[in-house]
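Coordinate analysis (summary)
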Amino acid sequence: MLIPHPLLGLRDSQEFTYLGDANLMHRPDPAAENAEAAFCEYVFLRDNPAGVHRELWFHEQGDRSWLVVTRDTTTHEILGAELASDVKLGAAQ
Amino acid sequence: MTRLSGGLIDRSKPLNFTFNGKSYRGFEGDTLASALLANGVQLMGRSFKYHRPRGVVAAGSEEPNAMVELRTGARQEPNTRATMAELYDGLSARSQNHMGPLNRDLLAVNDLMSPFFAAGFYYKTFMWPKAFWEKLYEPAIRKAAGLGSLSMLPDPDQYDKGFLHCDLLIVGAGAAGLAAALTAGRAGAEVILADEDFSLGGRLTMESDTLDEAEAAAWIASVKAELESLPNVRIMTRTTVFGVYDHGIFGAVERVADHLKEPGAKVRQTLWRITAKRAVLAAGATERHIPFADNDRPGVMMAGAMRAYANRWAASPVKRDGDAIAIFTNGDDGHRTAMDLIAKGANVLGVIDARAGAEALGDYKLFAGATVTGTKGRLGLTSIEITRNGTSEWHNVGALGVAGGWNPNVHLASHHRGRPVWDDRLLAFVPSADGPKGLIPAGAAAGKGGTAEALADGMRAAIEALSEIDVTASEIALPKAENAASDQAAFWHVPGDKRAWVDFQNDVTVKDIALAHKENMKPVEHLKRWTTLGMATDQGKTSNISALAVMAELTGKSIPETGTTIFRPPYTGVSLSVLGGGDTGNNFRPSRLTPTHHWAEKLGAEFVEVGQWMRAQYFPRQGETHWRQAVDREVLAVRAGVGICDVTTLGKVDVQGADAGEFLNRVYANMMGTLAVGKVRYGLMLREDGHLYDDGTCARLFEDHYVVTTTTANAGLVYRQMEFFHQCVWPELDVQLISTTDAWAQIAVAGPKSRELLSRIVDEFDISNEGFPFMGCAALTICGGLRARLFRISFSGELAYEVAVPARYGQALMERLMQEGADLGVTPYGTEALGVLRIEKGHAAGAELNGQTTAQMLGLGKMVSMKKDSVGAVMSRRGGLAEDKRRLVGLKPIDGQQQIMAGSHLFTRGTAQETGTDQGWVTSSCYSPHLKSYIALGYLEEGDTRIGEQITAANPLEGKTLMAEVVSAHFVDPEGGRLRD
Amino acid sequence: MIDYATNAVTDLTPITALGGTVARSESFGALSLSENAGLGLASLSLRKSAEKGQEAPQVFGLPLPGVGKATAMGAYGAFWTGRDQWMIEAQGKGEVDFAAMLKSEAPDCSVTEQTDGFVAFEIASANGAGPLEALMAKLVNLDPKAFGPGQVTRTGLEHMTVFLIRRAEDRLAVIGMRTLAGSLWHALSVAARRLEA
C-alpha cells in the first residue's frame with residue numbers, strides 16, 4: 001500500500017508500523033467517576049468495521065510521525081491521512 | 001532432425017545440450033522445447049498421476065507437460081518448463097516423474113489403475129485407517145507423485161531485490177505492449193516495459209503476419225532501437241510481472257542469469273517491487289485445448305504453439321521429416337497453422353474443423369463438420385481417428401495441432417477480486433472494469449487479438465493511462481497490419497466414452513468432471529478442489545475454461561452462470577530463493593555490534609544474539625572447559641572485586657522540553673517530575689491495561705533534560721510508545737524525544753572496587769560516597785578531557801556505576817579500564833554473569849516482565865503513584881489485578897545441585913499437579929556461585945507470607961519435580977547496604 | 001563549566017564505526033564508498049513555545065530547510081528529519097562536542113548529541129547520476145527521479161533505518177545507526193559490487 005503522508009507525499013506502507021483504531025487517541029479522563037469502566041472500554045473494545053476506518057499508522061522508518069489514516073478496509077482505498085498531533089490539537093480547540 | 005527453414009534462431013551459433021544423457025544440438029534463440037522438437041524428440045515427460053507419456057503442448061509459460069529437471073549438482077532445478085528454458089551451451093536436462101527410463105516408466109501401471117484415481121480419490125481412498133495416513137499413504141504418494149526432485153544442497157547462487165518507479169508499467173511486449181511503450185516513451189513518460197520472454201515482440205515473433213509489408217521482425221527491431229535510445233524507457237526482458245498489489249505496486253521477477261550455464265558474478269534472479277502510477281496489461285492470450293479421446297499423446301499440441309515453433313524456431317512438431325501433420329480446430333485460427341506449416345514445406349494432412357460450414361483458407365484437405373475421436377501411438381502420436389457424420393476413419397499422422405480458441409490473459413486483472421466477464425462473441429472471459437485500479441487491459445489480453453487491433457489498442461491504452469496522470473501523449477504512426485479471420489464455434493470437447501484430458505498437469509479428464517458433477521461438486525470452487533483441476537503449477541492456464549464449459553454443459557447452464565475462475569499471484573511460479581531476496585547466513589539480517597565488540601572478539605568472548613544485537617555472553621579463559629567456569633569466575637569477581645560489562649544495548653531516549661518532567665510523570669508509574677537535577681531514579685512503565693511494560697532508569701541531567709533508559713528488548717517499542725503518547729494523546733506538552741542509544745557507549749563498572757577503579761580515570765571529579773552518592777548522575781570528563789556521563793546505579797547489587805562516553809571512545813575506555821584495573825583484578829563479564837548477578841539480587845528482567853505481571857507482583861505496588869495519573873494507573877487498580885496475591889520470591893532447591901528449570905510450575909507440597917492447584921511459576925533460574933547452589937526467581941501465590949515453606953517445582957515437560965524452599969528474592973545483601981556504601 | 005567545544009584532549013584513541021583506526025573506503029567501478037568518520041551531528045528541535053509565529057533560528061548561518069530538504073554551506077549542513085526537527089551536520093567535527101557548539105547557536109532549542117549515534121557513508125559516482133540511481137534502486141524504495149540534489153529522506157534499507165541525502169547528482173550520503181555500521185557497509189558494498197557484474 002501507499003500511504004499519502006501529509007508532509008512527505010506517497011510513502012510505501014513498509015515504512016510504517018500499524019497500530020489500529022484511531023480512537024486510541026481519546027484516552028478517558030482518569031479522574032472521572034466511571035474511569036475504570038471507561039478505561040476497560042478504551043483498552044479492550046474496538047470496532048472492526050468492514051469499510052471506512054480511521055486508524056493510526058506510525059511512520060517509524062520515516063519522520064516518526066503518527067498519522068491518522070482513513071482507509072476502506074474492504075478495498076484498501078485510502079481516503080486521507082493527517083498528522084495525529086494536528087488532529088488531536090484541532091479537536092481540543 | 002526436423003528443423004525447418006527460417007526462424008529467429010542464429011544458425012551461426014550452435015549449442016550442445018543433453019536430455020536424459022543423450023547429446024543434441026540446437027541454436028542460439030532456441031528454448032529447450034524448441035530444440036528438442038527440432039531434434040525429433042516428442043516425449044518429454046510423464047504425467048503427474050497416471051504417468052502417461054507426455055510431450056510439449058504449448059510454447060510459453062502456460063506449458064503443463066514439458067517439465068524437466070534442469071542442471072545438476074547444487075543448481076539442480078526441478079519442474080522447469082522446457083518452453084521457458086533458454087538453450088545454452090552445455091545445458092543438461094532430465095525428464096522427471098518416472099521410475100526407470102522415460103520410455104519404460106514402471107509407474108505407468110498407475111494408468112491401468114486409473115479407475116481408482118478418479119476425482120476426489122485422495123478424499124475417498126486414504127481416509128481409513130486414520131493412522132495409516134502419516135506412516136504409509138503419504139510417504140508412498142509423495143514418492144510416487146512429487147514431480148521433480150531437489151538437490152538437497154544449498155543454493156550456490158546470489159539472488160537480489162530492488163525497487164523501481166515509473167509512470168507507466170507495460171506488462172507484455174507484444175503488438176499491444178510495443179505500441180503502448182512507443183506511445184508513452186515518445187510522450188516523455190517514465191516507462192517500464194516488461195516481458196517474460198527473452199526477446200521483444202510476443203506473438204508477433206511467432207506469426208507470419210507482415211507489418212508495413214515486411215517481416216514483423218523488422219518493425220520489432222526498429223521499435224526496440226528507438227525504445228533503447230529513450231532514457232525514460234526501461235526494457236525488462238526475462239521479467240515476469242507476477243502479481244498486482246495495492247495502489248499500483250507490482251511484483252516482478254527478472255531472470256538475470258537463468259539463461260547462462262553459471263551466473264558468474266551476476267545474480268541469478270532479481271525480485272523487483274515496481275511502483276507504477278498506471279499500468280497497461282498487454283499480456284496476450286493463451287490458447288485452449290479441445291478435449292477428445294486420448295488427446296494427451298506426445299505429438300498432440302496447441303495449434304498456435306505448433307505455428308510458433310515453426311515460425312519462430314523453425315522446429316517441426318513431428319519426429320521424422322515428412323510425417324503428416326493434422327489440425328483440429330473449432331474456428332478460423334487453426335487454419336492459419338495449416339497455412340504457415342504449408343509455407344514451411346511441412347506435410348499437412350488437412351484441417352479437421354468442427355464447424356459444418358467451414359471453408360479452407362488454402363490448398364489443403366478440409367474435414368468440415370468433423371472431429372477427432374481417437375489417437376494411437378504408445379510414446380508418440382502415430383494416427384488419429386477422424387469422425388464425420390458418424391463415419392470414422394484412421395489417418396497416420398506424426399503430430400496434431402489443436403485450436404480451441406484463445407483465452408485473454410486476465411490473470412493480473414483479477415488479482416484484486418476483479419471478476420472477468422464473459423464475452424459471447426469471443427467465447428472467452430475478458431477483464432472487467434472492476435479489476436485493479438489503474439491497470440488498463442489492452443490487445444489480446446482485452447480480447448483484441450488481431451494484429452491491427454492489438455497495435456491500435458495498445459496505443460489507445462497508453463494515451464488513456466497517461467491522460468489520467470496528466471501526461472499528454474499523441475497518437476503514433478502504427479505499421480500497416482491486418483486482423484486475421486477469427487470466426488469460432490462454441491465447440492468445447494468431443495463427447496465419448498474414453499478418457500479425454502482437460503488438465504494435463506494434474507491429469508484431470510472430462511470423466512472426472514462428470515463424476516464431480518454426479519457427486520454434486522458443481523460450484524466451480526468445489527469442482528477445482530474435488531478434481532484438483534487447475535491446481536497444478538500452471539494454475540490451469542490451458543484448462544480452466546474448457547472445464548467450465550464441460551460443467552456448464554452438464555448442468556445445462558451457460559458458462560458465466562456456471563462460474564469463472566479468478567487467479568491469485570503469482571502468475572507463474574516464483575522461486576523461494578528470490579522471494580527470500582538476498583543475503584543468507586550471518587548476513588541474513590542486520591546485526592548490531594556494541595562499541596566494544598571488536599575488543600571482546602579479540603579477547604575470545606562467546607557471543608549471543610539478543611534481538612538484533614550481538615552481545616558478549618562470557619569471556620572464557622585458557623583452561624576453562626565449560627561455560628559455567630567462566631561465568632562463575634566472572635560473577636565472583638564482581639562480588640569480590642570489580643567487573644566491567646558493555647551495557648550499551650539498553651535503550652536510551654533523550655527527553656527535553658519545558659514539560660519533560662510532566663510527560664515522564666505520565667508515562668512512568670512513579671513520580672519523575674520531582675527528581676532532582678543530578679539524580680537517577682528507577683522507573684516502572686505500565687501498559688494502559690495495568691500490567692508491567694518495561695523498567696529502566698530516568699536521569700535528570702538538567703532542569704529540562706532527562707535521559708531515560710529502557711530494557712534492551714523493548715528499546716524500540718518504548719520509544720514508539722512514548723512518541724504515541726507525545727503525538728496522539730498529549731501533543732500540547734512541550735516535549736522533544738530522540739533516541740541516543742547508539743550515540744553513547746555505556747560500560748557498567750561493578751563491584752566493591754569499582755570506585756577505586758573509576759577514581760583512576762575521572763578528571764578532577766569528587767567520586768567519594770558523599771560527593772557522588774547512590775543514584776547520582778553527572779556530566780564530567782575522564783581520561784584527560786573526554787566528555788562522559790556517570791551514573792551511580794547497580795543491577796548487580798554491588799557498589800556500581802555506569803559510565804557513558806561517545807561511542808567511538810567505548811573500546812578505548814574499555815581497554816583503559818582493563819589496564820588501570822589490572823592490579824584490582826578487573827574482570828570483563830558478559831550477559832550470563834549479568835543474569836546471574838541480577839537473579840542473586842532479585843532484580844526483574846524480561847522473564848519477570850513478561851506482559852502478564854504487575855508492579856504488585858514484583859513487590860513494587862507502591863511505586864504506582866496515587867498522587868498522579870499515569871499510563872496504566874487506573875487499570876492497575878481494577879479488581880482482577882489489585883487482588884492478585886502472587887508475589888516474586890526466591891527459590892532454593894533443597895538439593896542445591898539440582899537445577900530448577902525456568903518455566904516450572906509451583907505447587908503446595910502434596911497437592912495434585914493440576915491447573916486448579918497451580919501456585920505460580922519459575923521465571924528465572926541460574927547457578928549462584930556466591931551461594932554455591934542453584935537458585936531461582938518465581939511468582940508464588942501469597943509468596944510474601946510463605947518464606948521458609950518447602951514447595952514443589954514441577955517440570956512436566958521432562959517429567960521432573962523437585963523440592964525448593966521459598967526465600968527472599970534478594971539472595972545477596974537484602975538490606976541493600978553494599979550499593980549505598 | 002567545561003569547554004566542550006574545543007578539541008578533546010583525551011588520550012583515548014577513538015575508532016571508527018566500522019571498528020578501524022582510519023575510515024574505510026572502497027571503489028566499485030564508477031562508485032566509491034567512504035566512511036565519513038569526521039562528521040559531527042546534533043539534532044535540533046524547536047520547543048513548543050517557539051512554534052507560534054517565531055521562525056526557526058539560523059544556525060552557523062544556515063537557514064533551517066523545509067520538509068524533505070537538506071542545505072549545506074561550507075563545513076556545515078542541515079537536513080529536515082521531522083516536523084520542527086532537523087539534524088545539523090559539521091564536517092570535521094566528529095571528535096568535538098558539536099552538540100555544545102550547536103546549543104550555543106540555538107539556546108532556545110532542544111539539542112541532542114548525535115555524532116556517534118550514526119555512521120555516515122558517502123557514495124560518489126564518477127559517471128554521473130546513473131550508477132548512483134542504479135544503486136538506489138537495489139537498496140531503497142524511492143523514486144530517484146523525485147529525489148534530486150538537496151533532497152533528504154529517511155527510509156528502510158535492508159531492514160535498517162537510514163537517512164539518505166542527495167548531496168549532488170552524483171553524490172549520496174547514507175546515514176544509518178552506528179551499531180549497524182557493519183551490516184550497512186555490507187549491504188551497500190554488496191549492491192555496488194553487483195552493479196559491476
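Labelled according to an unreviewed UniProt entry, chain C appears under the name Sarcosine oxidase subunit gamma, originating from Celeribacter neptunius.

Under an unreviewed UniProt entry, chain B has the name Sarcosine oxidase subunit alpha and belongs to Celeribacter neptunius. Check the Sequence similarities (unreviewed entry) section of the UniProt entry for chain B; it says "Belongs to the GcvT family."

Thoughts on the domain arrangement of chain B
One can read the domain layout of chain B as domain 1 (10–114), domain 2 (159–285 + 408–468), domain 3 (592–648 + 743–829), domain 4 (651–739) and domain 5 (883–980). Relative placement of domain 4 of chain B and domain 5 of chain B: their C-alpha centres are 33 Å apart.

Details of the interface of chain C and chain A
Tallying the contact residues gives 15 residues for chain C and 15 residues for chain A. A per-residue breakdown of the area chain C buries against chain A is headed by Arg83, Asn141 and Arg154 of chain C, which together make up 45% of the total. On inspection of chain C and its partner chain A, the count reaches one salt bridge. Between Arg83 of chain C and Asp86 of chain A there is a salt bridge; the shortest N-O distance is 2.7 Å. Seen at the junction of chain C and chain A, the total is seven residue pairs in polar contact (both at pLDDT 80 or more). Class assignment for the residues of the side of chain C that touches chain A results in four nonpolar, eight polar and three charged.

Description of the interface of chain B and chain C
Taken together, the contact between chain B and chain C spans 59 residues of the former and 50 residues of the latter. With both sides pooled, the region where chain B packs onto chain C buries about 4,600 Å², and carbon together with sulfur makes up 50% of that total. Taken together, the links from chain B to chain C amount to nine salt bridges. Among the ionic pairs, Glu95 of chain C bridges to Arg808 of chain B, the shortest N-O distance being 4.0 Å. Between chain B and chain C we count 36 residue pairs in polar contact (both at pLDDT 80 or more) in total. A per-class count over the side of chain B that touches chain C returns 26 nonpolar, 18 polar and 15 charged.

Focus on the UniProt feature "domain: GCVT N-terminal" (unreviewed entry) in chain B
The feature "domain: GCVT N-terminal" (unreviewed entry), as given by UniProt, occupies residues 597–868 of chain B in the numbering adopted here. For the annotated span residues 597–868 of chain B, helix accounts for 26% and strand for 29% of the residues, and the straight-line distance between the end C-alpha atoms is 43 Å.

As for the UniProt feature "domain: Aminomethyltransferase C-terminal" (unreviewed entry) in chain B
Here the UniProt feature "domain: Aminomethyltransferase C-terminal" (unreviewed entry) sits at residues 886–973 of chain B. Summarising residues 886–973 of chain B: 0% helix, 50% strand, and an end-to-end C-alpha distance of 23 Å.

What to know about the confidence of the model for chain C
The predicted structure's coordinates, where accompanied by low pLDDT, should not be read in detail. Scored by pLDDT, chain C has a mean of 93; 92% of the residues are at 70 or more. For the stretch residues 1–7 of chain C, pLDDT sits under 50, and the model shows 14 contacts to residues farther than four places along the chain or on other chains.

Re the packing of aromatic side chains
The description of an aromatic ring pair uses the distance of the two centres, along with the angle that the planes make with each other. All told, the structure shown has 25 aromatic pairs over all chains when counted by the stated rule. Taking 5.4 Å as the distance between ring centres and 40° as the angle between the ring planes, the aromatic pair formed by Tyr309 of chain B and Trp313 of chain B counts as tilted. One end of the pair is Tyr309 of chain B and the other is Trp313 of chain B, both in helix H7 (residues 303–313) and four residues apart, which spans about a single turn. For the pair Tyr309 of chain B and Trp313 of chain B, a shared accessibility class is recorded, and that class is buried. Relative to Tyr801 of chain B, the ring of Phe772 of chain B lies with its centre 6.3 Å away and its plane at 10°, an arrangement referred to as stacked. In this pair, Phe772 of chain B sits in the loop between helix H19 (754–759) and strand E41 (777–782) while Tyr801 of chain B sits in strand E43 (residues 800–806), placing the two residues 29 residues apart along the sequence. Since its relative accessible area comes to 4%, Phe772 of chain B is described here as buried. The residue whose ring lies beneath Arg24 of chain C is Trp185 of chain C, and the NZ or CZ to ring-centre distance is 5.2 Å.

Notes on the nonpolar core
Of all hydrophobic cores here, the largest spans 56 residues; its most connected members are Leu32 and Tyr309 of chain B. Counting residues per element, this core draws most heavily on H7 of chain B, which supplies seven residues. Among residues more than four places away in sequence, those in contact with Leu32 of chain B are Phe17, Val68, Leu70, Ala82, Ala85, Leu87, Leu91 and Ala93 of chain B. Formed by 42 residues, the second largest nonpolar core is a distinct cluster that contains Met25, Ala35 and Val68 of chain A together with Val708 of chain B.

Some points on the sheet that holds strand E5 (residues 67–70) of chain B
Residues and elements named next belong to chain B. Strand order in the open sheet formed by five strands is E2-E1-E7-E5-E6, and the pairing between neighbours is mixed. Two strands in the sheet have a free side with no partner beyond their single neighbour: strand E2 (22–28) and strand E6 (77–81). Strand-to-strand twist in this sheet, taken as the mean axis angle between neighbours without regard to direction, amounts to 40°. In this sheet, E6 lies alongside E5 in antiparallel orientation, the contact comprising three bridges. Looking across to E6, one finds that Leu70 is bridged to Glu77.

A look at unusual backbone geometry
For residues other than glycine, phi is negative in most cases, and the peptide bonds are mostly trans. Residue Pro570 of chain B follows Pro569 of chain B across a cis peptide bond; omega there is 0°. Here Pro570 of chain B shows up in the loop between helix H13 (559–562) and helix H14 (576–580). Of note in this structure, Glu213 of chain B is not a glycine but carries a positive phi near 60°. Judged by its relative accessible area of 63%, Glu213 of chain B falls in the exposed class. Phi at Glu158 of chain C takes a positive value of approximately 50°, unusual for a residue other than glycine.

Side note on the environment of Met685 of chain B
All names here are of chain B. Its place among the elements puts Met685 in strand E36 (residues 679–686). Residues Met685 and Ser870, 185 residues apart in the sequence, show an inter-C-alpha distance of 8.9 Å. When near neighbours in sequence (up to four residues on either side) are disregarded, Met685 contacts Val667, Tyr668, His691, Leu692, Tyr693, Asp694, Val718 and Met722.

Brief notes about the environment of Trp492 of chain B
All names here are of chain B. Here Trp492 shows up in the loop between helix H9 (451–468) and strand E29 (501–503). Exposure remark for Trp492: the relative accessible area of 11% places this residue in the buried category. Distance from Trp492 to Asn330, taken between C-alpha atoms, is 8.3 Å for residues 162 residues apart in sequence. Ignoring anything within four residues of it in the chain, the contact list for Trp492 reads Arg288, His289, Ile290, Pro291, Trp422, Leu427, Ile545, Ala549 and Ile559.

A few points about the pairing of strand E1 (residues 25–28) of chain C
All names here are of chain C. Inspection of the sheet shows E1 paired to strand E2 (residues 31–35) by four bridges, in the antiparallel sense. Across the sheet, Ser27 pairs through a bridge with Ser32, a residue of E2. Counted between consecutive antiparallel strands, the loop separating E1 from E2 contains two residues, among which Gly29 sits at a positive phi close to 60°.

Overview of the sheet that holds strand E45 (residues 886–893) of chain B
All names here are of chain B. Read around the barrel, six strands follow the order E45-E48-E47-E46-E49-E50 and close on themselves; strand pairing throughout is antiparallel. Taking the axes of each pair of neighbouring strands and ignoring which way they run, one obtains an average angle of 45° across the sheet. One ladder, built from four bridges, connects strand E46 (residues 905–908) with strand E49 (residues 950–955); its direction is antiparallel. Bridging across to E49, Leu906 finds its partner in Ala953. Together, strand E47 (920–928) and strand E48 (933–941) form the strand contacts of helix H21 (residues 831–841), whose direction differs from that of E47 by roughly 120°.

Conventions adopted
- Residues numbered from 1 in each chain as written.
- Chains lettered and ligands numbered in written order.
- Predicted model: local features only at pLDDT ≥ 70, side-chain atom pairs only at ≥ 80, totals over all residues.
- Heavy atoms only, no water.
- UniProt positions renumbered as here; feature names shortened; annotations may be inferred.
- Domains from an automatic or database assignment.
- Contact = heavy atoms within 4.5 Å.
- Buried area = accessible area lost by both parts, 1.4 Å probe.
- Salt bridge = Lys/Arg side-chain N within 4 Å of Asp/Glu carboxyl O.
- Polar contact = N/O pair within 3.5 Å; in protein donor to acceptor, adjacent residues only side chain to side chain.
- Nonpolar A, V, L, I, M, F, W, Y, C, P; charged D, E, K, R; others polar.
- Helix = DSSP H or I, 4+ residues; strand = E, 2+ residues; numbered from the N terminus.
- pLDDT = per-residue confidence, 0-100.
- Phe/Tyr/Trp six-rings, centres within 6.5 Å; stacked < 30°, edge-to-face > 60°.
- Buried < 20%, exposed > 50% of the residue type's maximum accessible area, 1.4 Å probe, protein only.
- Lys NZ or Arg CZ within 6 Å of the ring centre and 35° of its normal.
- Core = buried A, V, L, I, M, F, W, Y, C linked by side-chain atoms within 4.5 Å.
- Pairing = 2+ DSSP bridges.
- Axes fitted to C-alpha atoms, helices over the stretch in contact; angles between N-to-C directions.

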